[in-house]
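Observations on chain architecture
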Amino acid sequence: MDRMNEIETKLRDSAAALAEAPPAGLDRQIVERAGGEKLVDVAYCSVDSPLGPLTVAGTRRGLVLVSYQEPDDELLQRLADDLSPRVLEAPAQLDEARRELDEYFEGEREEFELPLDWSLVRGFARRVLRATAGIRYGDVSTYTKVAGRAGNARASRAAGNALGSNPIPIVVPCHRVLRTGGAMGGYGGGVERKEFLLRLEGALPD
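Reference entry: report on the structure contained in this document.

Rules and cut-offs
- Residues numbered from 1 in each chain as written.
- Predicted model: local features only at pLDDT ≥ 70, side-chain atom pairs only at ≥ 80, totals over all residues.
- Heavy atoms only, no water.
- Helix = DSSP H or I, 4+ residues; strand = E, 2+ residues; numbered from the N terminus.
- Buried < 20%, exposed > 50% of the residue type's maximum accessible area, 1.4 Å probe, protein only.
- Contact = heavy atoms within 4.5 Å.
- Areas by Shrake-Rupley, 256 points an atom, 1.4 Å probe, with all protein chains shown as cover.
- Pairing = 2+ DSSP bridges.
- Axes fitted to C-alpha atoms, helices over the stretch in contact; angles between N-to-C directions.
- Phe/Tyr/Trp six-rings, centres within 6.5 Å; stacked < 30°, edge-to-face > 60°.
- Core = buried A, V, L, I, M, F, W, Y, C linked by side-chain atoms within 4.5 Å.
- 1 Å grid on protein atoms, 1.4 Å probe; cavity = no way out; pocket = protein on both sides within 12 Å on 5 of 7 lines; lining within 4 Å.
- Points joined across faces, edges and corners; volume = space filled by probe spheres on them.
- Nonpolar A, V, L, I, M, F, W, Y, C, P; charged D, E, K, R; others polar.
- Salt bridge = Lys/Arg side-chain N within 4 Å of Asp/Glu carboxyl O.
- Polar contact = N/O pair within 3.5 Å; in protein donor to acceptor, adjacent residues only side chain to side chain.

1. Topic: the overall build of the protein
Along the protein, the regular secondary structure elements total eight helices and six strands. Buried residues in the protein amount to 44% of all 206 residues. In the protein, of all internal contacts separated by at least 6 residues, the share reaching a separation of at least 24 is 58%. Carbon and sulfur atoms make up 46% of the accessible area of the protein, which totals about 10900 Å².

2. As for the environment of alanine 203
Residue position: alanine 203 is located in the segment after α8 (191-200). Residue classification places alanine 203 among the partly exposed residues on the basis of a relative accessible area of 25%. With residues up to four places along the chain from it excluded, the contact list for alanine 203 reads Gly138, Val140 and Leu198.

3. Some remarks on the sheet that holds strand β1 (residues 42-47)
Within the open sheet, the four strands sit side by side as β3-β2-β1-β4. Their pairing is mixed. Edge positions in the sheet fall to β3 (63-67) and β4 (87-89), since each has one partner strand and no second. Within this sheet the neighbouring strands show an average axis-to-axis angle of 20°, counted without direction. Looking at chain direction, β1 and strand β2 (residues 54-58) are connected through five bridges and run antiparallel. Within β2, the position partnered with alanine 43 by the bridge is glycine 58.

4. Some details on unusual backbone geometry
One non-glycine residue, isoleucine 170, lies in the positive phi region at around 75°. Residue placement: isoleucine 170 occurs in the loop between α7 (156-164) and β6 (177-178).

5. Here's the deal with the packing of aromatic side chains
Going through the model one piece at a time under the given rule, you end up with four aromatic pairs. Where tyrosine 104 meets phenylalanine 105, the ring centres are 5.2 Å apart and the plane angle is 70°; that geometry is what we call edge-to-face. Residue class for phenylalanine 105 comes out buried when judged on its relative accessible area of 13%. Note on tyrosine 104 and phenylalanine 112: the rings are 5.4 Å apart at their centroids and 40° apart in plane angle, and the pair reads as tilted.

6. So, the nonpolar core
By size, the foremost hydrophobic cluster in this structure holds 43 residues, and its most contacted members are Leu63, Phe105, Val128, Ile170 and Leu197. Core analysis: the second largest hydrophobic core is formed by 10 residues, Val42, Ala57, Leu79 and Ala80 among them.

7. Section: the layout of surface pockets
Put simply, the largest pocket is a space of about 310 Å³. Glu110, Glu111, Phe112, Ala133 and Ile135 are the residues nearest the centre of the largest pocket, which is lined by 14 residues in total. Of the residues contributing to the lining of the largest pocket, the split by class is nine nonpolar, one polar and four charged.

8. Here we look at the pattern of salt bridges
Summed over all chains, the structure comprises 10 salt bridges. Between arginine 109 and glutamate 113 there is a salt bridge, and its shortest N-O distance comes to 3.8 Å. With relative accessibility at 10%, the residue arginine 109 sits in the buried group. A salt bridge links glutamate 201 to arginine 176; the shortest N-O distance between them is 2.9 Å.

9. What to know about the side chain of serine 67
Structurally, serine 67 is set in strand β3. Assessed through its relative accessible area of 10%, serine 67 is described here as buried. Polar contacts involving the side chain of serine 67 include one to the main-chain amide nitrogen of glutamine 69, which spans 2.9 Å. Dropping the residues within four chain positions of it, serine 67 is found in contact with Pro53, Leu54, Thr55 and Leu75.

In structure tokens, the structure reads:
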């Protein structure tokens, strides 16, 4: 998918037909018009963080993605394929998500209050992530315990795979799941980021 999706292309073409050069503020007008006419199914934006830039995306149901990947054509194509082709960069529609993430990284928020859209995960993996969402700030659990809460304590490997592909990390705190015995285990964003988040929450000594 081209970075400029079909909605944005059509709106820009309409505007370009009215003048030799698009008017100042056209990008904002495009987003406002698309949002007002409910042409956008998936809004996304980039958010600065101590862990590097995050791509955040949401639908009308709620937050659907927090990614350590830049919002490039590959990521946008994945959103289009898995959710809807009507994808648009619309930071204003994600103001609440950006605010809560900022507060979390500043040590001012221990619990996210954002509605979540679980559309990118299904079956046992969804049950694993829902169980993980219940691990409190500053606490940790294990792959075996999370698998048990999801309905199959023997499926710790499958639970690990679900956590490794968590589409909403940080908000759904897969970083709080360790191996039995306390070893870090893996993390989709890299073990260094996992350690940073646990230290931020006081679950690891500085």
